[in-house]
Amino acid sequence: MERSSERTRLRFAIVGAGMSGILSAIRLHEAGYDDFAIYEKADRLGGTWRENTYPGISCDVPSHLYSYSFEPNPEWTHRFAPGAEIQAYFEDVAARHGVTERIRFGAEIARCEFSGGRWQLATKDGRRDEVDVVIAATGVLHHPKYPDIEGLDRFEGALFHSARWDHAVQIEGRRVGIVGTGSSAVQIVSAIVDRVARLALFQRTAQWIMPQDNPCYSEAERAEFRRRPELLTELHADMAELFSAFSNGLVDMNSPQMKAIEDACLANLERSVLDPVLHEKLRPTYKAACKRLVMSPDFYQAIQKPNAEVVTEGIERVEAGGVRTRDGRLHELDVLVLATGFRVDRFLRPIEVIGRDRLRLEDVWKQRPSAYLSISIPGFPNLFMLNGPNGPVGNFSLIEVAELQLGYVLQLVELLRQGRCHAISPSEAATARLEAERTEAARHTIWGSGCRSWYLDDRGVPMSWPWPFERFRAEMAKPTLEAYELQ
Ligand SMILES: Cc1cc2nc3c(=O)[nH]c(=O)nc-3n(C[C@H](O)[C@H](O)[C@H](O)COP(=O)(O)OP(=O)(O)OC[C@H]3O[C@@H](n4cnc5c(N)ncnc54)[C@H](O)[C@@H]3O)c2cc1C
């Protein structure tokens, strides 16, 4: 009994103050937990939206869906709002909910050790904390991936990753190269082509481009949203349903939905790119949505401007003056942007995480990261991840994913609060069983249909939720306690 009354006073650490960390703080407070600290290594909240400030950045899930369900925003200016607006939204929500003042900025968690029944935390600069529960909201698209290209360090122009855009570098009238063809690269091309002297897009793989317009909301529409907030709630719910239907298509590589998407992308290419040589360069040879689907209303128009070029010859090396391709040509450049994505297998790392019996996460995840329902790991009690390994990642609103996950986590934490246990972690057997089932199902999804993408693990198995989104919602609605060890 003594233990149970002790345990009602749970202390939490939230690691990360991006979308997921802010959400965690708001929900913990609402659930009556007020003893928590939020650790953020940067000096500002926002995660992704703080870090990615490249020209043209916007979300590619409609803004009225890419919003917290409890904080609809009548002020979105566009269907896909620009990054700065999204950053401002998170700052505003965090301030209004009293989250900002509770964030410990400049505090990078370097170590978490489960010892004496609690988590002992240490920051990089030596600050310490002891908590019952850790919520890891450290992000999935967080660690920039740098390509392994010979000579990158010899380039004498300006060189940076798209997630580290250097705004001190002038691009007006300069020769700019972009490596990569994912969503960031496509947004950058459209945004800068008219500002630069020359633009070279170094393409390894062509992308399917979904012709998605980005209309703005008029002042009258926004006034109506302000006046009738229920419209926003309806819009959010409708869009969530639409994306659920889309998810049903993704998990079956031969689904009619995927075929319809591919037809729409192909028609976009056919009507937009008439030059047969360029058409062939830009035509993908894999199924649409196998790689994250790129949305753009104007990429094909941008890349056909006279100062733009798609380079498909393959990069041999980077030299002082530019990029040398395999055909021997030197593409002279002043600025080189690496739009090469993120290391999506770096969940939680480089935090040194030590679980029960001195189990090291680095060893458990030596091969690849995995977790029970993306949230928790056997041997690491009371540690919960948001947007962890193998969760739904393909063209969904990760806000909705995090909200569902947090609702699930709070139900587990309730067991701690009620004193029904003091440590909770999934069993090895349940985790292995689910992971085997997930792996098998993942092979049949669109991401496993034969392309190279960041969705694939070292075995070529998609690192994603391979079932319809309704199943995810159902799993998150109520934990199956038989899968857990309660101590
Ligand atoms: C260019 C781009 C566009 C995107 N567009 C969309 C979209 O349209 N729709 C969508 O759903 N998703 C999109 N995403 C995914 C996006 O990452 C998520 O939607 C969401 O912002 C992730 O929030 P998060 O809080 O989980 O992680 P993050 O935003 O990555 O935040 C993690 C935070 O944790 C902090 N942190 C990490 N490690 C530590 C540590 N050890 N100690 C202290 N702090 C730490 C980081 O500094 C960061 O602030 C996009 C991602 C990118 C890169």
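Quick caveat, the model's predicted, so the values are computed rather than measured.

(A) Just the sheet that holds strand β14 (residues 315–319), in detail. Across the sheet, which stays open at both edges, the three strands sit in the order β14-β15-β16 with antiparallel pairing between neighbours. Two strands close off the open sheet at either side, each with one partner strand: β14 and β16 (330–332). Adjacent strand axes in the sheet meet at a mean angle of 25° when their direction is disregarded. Pairing geometry for strand β15 (residues 322–325) and β16, over three bridges, is antiparallel. Opposite R324, over in β16, you have L330 as the bridge partner.

(B) Quick peek at the sheet that holds strand β5 (residues 118–123). Strand order in the open sheet formed by four strands is β6-β5-β4-β18, and the pairing between neighbours is mixed. The open sheet has two free edges, formed respectively by β6 (128–131) and β18 (352–354), since each of these has just one partner strand. Along the sheet, successive strands turn relative to each other by an average axial angle of 15°, direction set aside. Two strands pair when backbone bridges link them, and strand β4 (residues 109–115) and β18 are joined in this way by three bridges, in the parallel orientation. Across the sheet, residue C112 finds its bridge partner in β18, namely V353.

(C) Focus on the layout of surface pockets. Estimated volume of the second largest pocket: approximately 370 Å³. Around the second largest pocket sit 16 residues that line it, and Q212, L242, F243, F246 and M295 are the ones nearest its centre. Elements supplying a minimum of two residues to the lining of the second largest pocket: α7 (229–250) and α8 (256–272). Among the elements that make up the lining of the second largest pocket, the one with the highest residue count is α7 (five residues). Its residues assigned to classes, the lining of the second largest pocket shows twelve nonpolar, two polar and two charged.

(D) Representation of the site of the ligand in the model. In the region of the ligand, 34 residues are neighbours, and S20, E40, D60, Y66 and L398 sit closest. At 2.6 Å from an oxygen atom of the ligand is found a side-chain nitrogen or oxygen belonging to E40. Measuring from an oxygen atom of the ligand, one finds a backbone N or O atom of D60 at 2.7 Å. Relative to its free-state accessible area of 980 Å², the ligand is covered by the protein chains to the extent of 97%. Where the shell around the ligand is concerned, the elements lending two or more residues are α2 (19–30), β2 (36–40) and α3 (48–51). Looking at the shell around the ligand residue by residue, the class counts come to 17 nonpolar, twelve polar and five charged.

(E) Quick look at the environment of D35. Among the structural elements, D35 can be located in the loop between α2 and β2. D35 sits in the partly exposed class, given a relative accessible area of 36%. Sequence spacing of D35 and V318 is 283 residues, and the spatial spacing of their C-alpha atoms is 51 Å. What D35 contacts, discounting residues up to four positions off in sequence, is L10, R11 and F12. Here the side chain of D35 touches R11 through a polar contact of 2.6 Å, side chain to side chain.

(F) Examining empty space enclosed by the protein more closely. In this structure the tally under the stated criterion is six cavities of 30 Å³ or more. Each pocket or cavity is described by its volume, and for the largest cavity that value is around 80 Å³. Reported here for the second largest cavity is a volume of approximately 70 Å³. Forming the boundary of the second largest cavity are A371, L373, S374, N390, T431, L434, E435, R438, W465 and W467. Considered class by class, the residues forming the lining of the second largest cavity number five nonpolar, three polar and two charged.

What counts, and at which threshold
Residues numbered from 1 in each chain as written. Predicted model: local features only at pLDDT ≥ 70, side-chain atom pairs only at ≥ 80, totals over all residues. Heavy atoms only, no water. Pairing = 2+ DSSP bridges. Helix = DSSP H or I, 4+ residues; strand = E, 2+ residues; numbered from the N terminus. Axes fitted to C-alpha atoms, helices over the stretch in contact; angles between N-to-C directions. 1 Å grid on protein atoms, 1.4 Å probe; cavity = no way out; pocket = protein on both sides within 12 Å on 5 of 7 lines; lining within 4 Å. Points joined across faces, edges and corners; volume = space filled by probe spheres on them. Nonpolar A, V, L, I, M, F, W, Y, C, P; charged D, E, K, R; others polar. Near = heavy atom within 4 Å. Polar contact = N/O pair within 3.5 Å; in protein donor to acceptor, adjacent residues only side chain to side chain. Areas by Shrake-Rupley, 256 points an atom, 1.4 Å probe, with all protein chains shown as cover. Buried < 20%, exposed > 50% of the residue type's maximum accessible area, 1.4 Å probe, protein only. Contact = heavy atoms within 4.5 Å.

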